[in-house]
Amino acid sequence: MTALDRLRSAMRRAGIDALWISDPANVRAVSGFSSGKDGKVLVTADSAILYTDARYTVQAAEEASMPQFIARPPDTYTHAREATSGQRVGFEADHLTVALLDDLRDHWPDASLVPVRGLVHGLRVTKTARELDAIRAAQRIADHAFAQVRPMIRPGVTELDVALELELAMRRAGAQSAFDIIVASGPNGAKPHGVASGRVIGDNELVTVDMGARVDGYHSDMTRTVAVGDPSAELRRLYRAVLEAEQAAVAAIRPGGRAADLDRLARDLLTGHGLCEYFAHSLGHGVGLDVHEAPGLRGTSEDVLEAGMVITIEPGVYVPGVGGVRIEDLVLVTETGYEVLSTAEKEQL
Ligand SMILES: CSCC[C@H](N)C(=O)N1CCC[C@H]1C(=O)N[C@@H](C)C(=O)O
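Note that the structure is a prediction, hence the values are computed from the model and not measured.

Around the ligand sit Phe179, His193, Asp210, Asp221, His281, Ser282, His285, His292, Glu314, Arg326 and Glu328, and those are all the residues in its vicinity. Here an oxygen atom of the ligand and a side-chain polar atom of His193 are 2.7 Å apart. Here His285 contributes a side-chain N or O atom positioned 3.0 Å from an oxygen atom of the ligand. Per-class residue counts for the shell around the ligand are 1 nonpolar, 5 polar and 5 charged.

Below you can see the structure in the form of structure tokens.
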């Protein structure tokens, strides 16, 4: 069964005849076209077409696994009008803006537009061998960059210096940075999404580095917290607690396991250390064409782990005015349990 066949089955189950795909990662997943942000796909019961504009004529012909129509809106919509007429057409409610939905309504007056969620995401949740190769390659590059740059994380160097060196190392290896690298030193460690700043790293601090690479559109994601000099007993305590929670959650990964249970496990361990209130985000997430995708590893998640999923496990504690710790591994769920894809060394404090 091809991915399009599986998508059409999901469309039938959702009660729609056609699907207008606008989420860039979904456009890429379904069509193979790598500039998904400048593309749309219309899938019907018996056709699938990629819409993009003339900047991509050659690229789309090379990459896309389906016919292409080269146009910009409103010509795009005019072309799709016939195929959508009298049809129940799903649109991606998580992505399409209100303005673009108005455009569809104006141009397809004979279609009934139906909001749908997660139809294409559902197909992306377990990875094919080709996708896994790209994710492994991305993680290898990130691990290597981290090992190269780790020695320069020392007093007197700015967070930005570290981030730039990491990005340079990944670019030299043929990858892009998956997102703005987080380098959060000292009290900045209390900001889970703190961007690298001009702050000069001081002695006896912890520095959280959260980084990933992107290869062929697929991402990796990993965090290490490193010690500079001799951090205080309290910082070491935070570090050990997070490491314990991280290792316990990784060890509990298995197909059939509930994502929410992993989140609970990590949270319970941190509660035992009196630190749960400082764990300010979910335990982890799926990784693929997006850095954050299904499954969600959080308390409210209904997701169940399956072999072939690539997920992160990333507990953290963030204490305002003091600092923070996060440790994150990228993990493949296997038939028998799990394989940790990230290999960068962890601090033992
Ligand atoms: C800007 S991409 C951040 C990548 C990072 N590894 C990450 O996923 N983080 C950093 C701390 C929290 C976590 C995150 O953003 N989690 C999301 C899924 C959440 O909503 O909790």
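Along the polypeptide, Glu246 turns up in helix α9 (residues 233–251). Classification of Glu246 by relative accessible area gives buried; the value is 1%. Among all residues touching Glu246, those that are not within four sequence positions of it are Ile313, Pro315, Ile327, Glu328, Asp329 and Lys346.

Attention now moves to the packing of aromatic side chains. Counted by the stated rule, this structure contains 6 aromatic pairs. Considering the side-chain rings of Trp20 and Tyr51, the 5.8 Å spacing of their centres and the 45 degrees angle between planes classify their relative orientation as tilted. Here Trp20 is found in strand β1 (residues 18–21), whereas its partner Tyr51 is found in strand β3 (residues 48–52), with 31 residues between them in sequence. Overall, the relative accessible area of 2% leaves Trp20 in the buried class. Classification of Tyr51 by relative accessible area gives buried; the value is 3%. Plain terms: the ring middles of Phe33 and Tyr56 are 5.5 Å apart, the flat faces sit at 85 degrees to each other, and that makes the pair edge-to-face. Of the two residues, Phe33 sits in the loop between α2 (24–31) and β2 (39–43) while Tyr56 sits in the loop between β3 and α3 (57–63), which places them 23 residues apart along the sequence. Classification of Tyr56 by relative accessible area gives buried; the value is 11%. Members of the aromatic cluster, connected to one another through ring pairs, are Trp20, Tyr51, Phe69, Tyr77 and Trp108.

Moving on: the sheet that holds strand β11 (residues 218–219). If you walk across this open sheet you meet the 3 strands as β7-β10-β11, and the pairing is antiparallel. A single partner strand is all that each edge strand has here, and the edge strands are β7 (176–177) and β11. Of the pairings in the sheet, the one linking strand β10 (residues 213–215) to β11 comprises 2 bridges and is antiparallel in character. From the neighbouring strand, Val215 faces β11, where its bridge partner is Tyr218. Set on the sheet, helix α7 (residues 129–149) makes contact with β10 and β11; between it and β10 the angle comes to about 145 degrees.

Any region with low pLDDT has predicted coordinates that should not be read closely. Here the protein averages 97 in pLDDT, while 100% of its residues score no lower than 70. Per-element confidence in the protein is highest for strand β18 (residues 329–333), whose mean pLDDT is 99, and lowest for helix α6 (residues 119–124), whose mean pLDDT is 94. Scored as a complex, the prediction yields pTM 0.96 and ipTM 0.98.

On to the sheet that holds strand β9 (residues 205–211). Strands sit in the order β8-β9-β12 across an open sheet of 3 strands; the sheet is antiparallel. Strands with a single pairing partner mark the edges of an open sheet, and in this sheet they are β8 (182–185) and β12 (222–228). Direction aside, neighbouring strands of the sheet carry axes that sit 15 degrees apart on average. The sheet contact formed by β9 and β12 spans 7 bridges and is antiparallel. When the sheet's bridge partners are listed, Leu206 is paired in β12 with Ala227. Helix-sheet contacts for helix α8 (residues 159–172) involve β8 and β9, and the interaxial angle to β8 is about 155 degrees.

Rules of the game
Residues numbered from 1 in each chain as written. Predicted model: local features only at pLDDT ≥ 70, side-chain atom pairs only at ≥ 80, totals over all residues. Heavy atoms only, no water. Near = heavy atom within 4 Å. Polar contact = N/O pair within 3.5 Å; in protein donor to acceptor, adjacent residues only side chain to side chain. Nonpolar A, V, L, I, M, F, W, Y, C, P; charged D, E, K, R; others polar. Helix = DSSP H or I, 4+ residues; strand = E, 2+ residues; numbered from the N terminus. Buried < 20%, exposed > 50% of the residue type's maximum accessible area, 1.4 Å probe, protein only. Contact = heavy atoms within 4.5 Å. Phe/Tyr/Trp six-rings, centres within 6.5 Å; stacked < 30°, edge-to-face > 60°. Pairing = 2+ DSSP bridges. Axes fitted to C-alpha atoms, helices over the stretch in contact; angles between N-to-C directions. pLDDT = per-residue confidence, 0-100.

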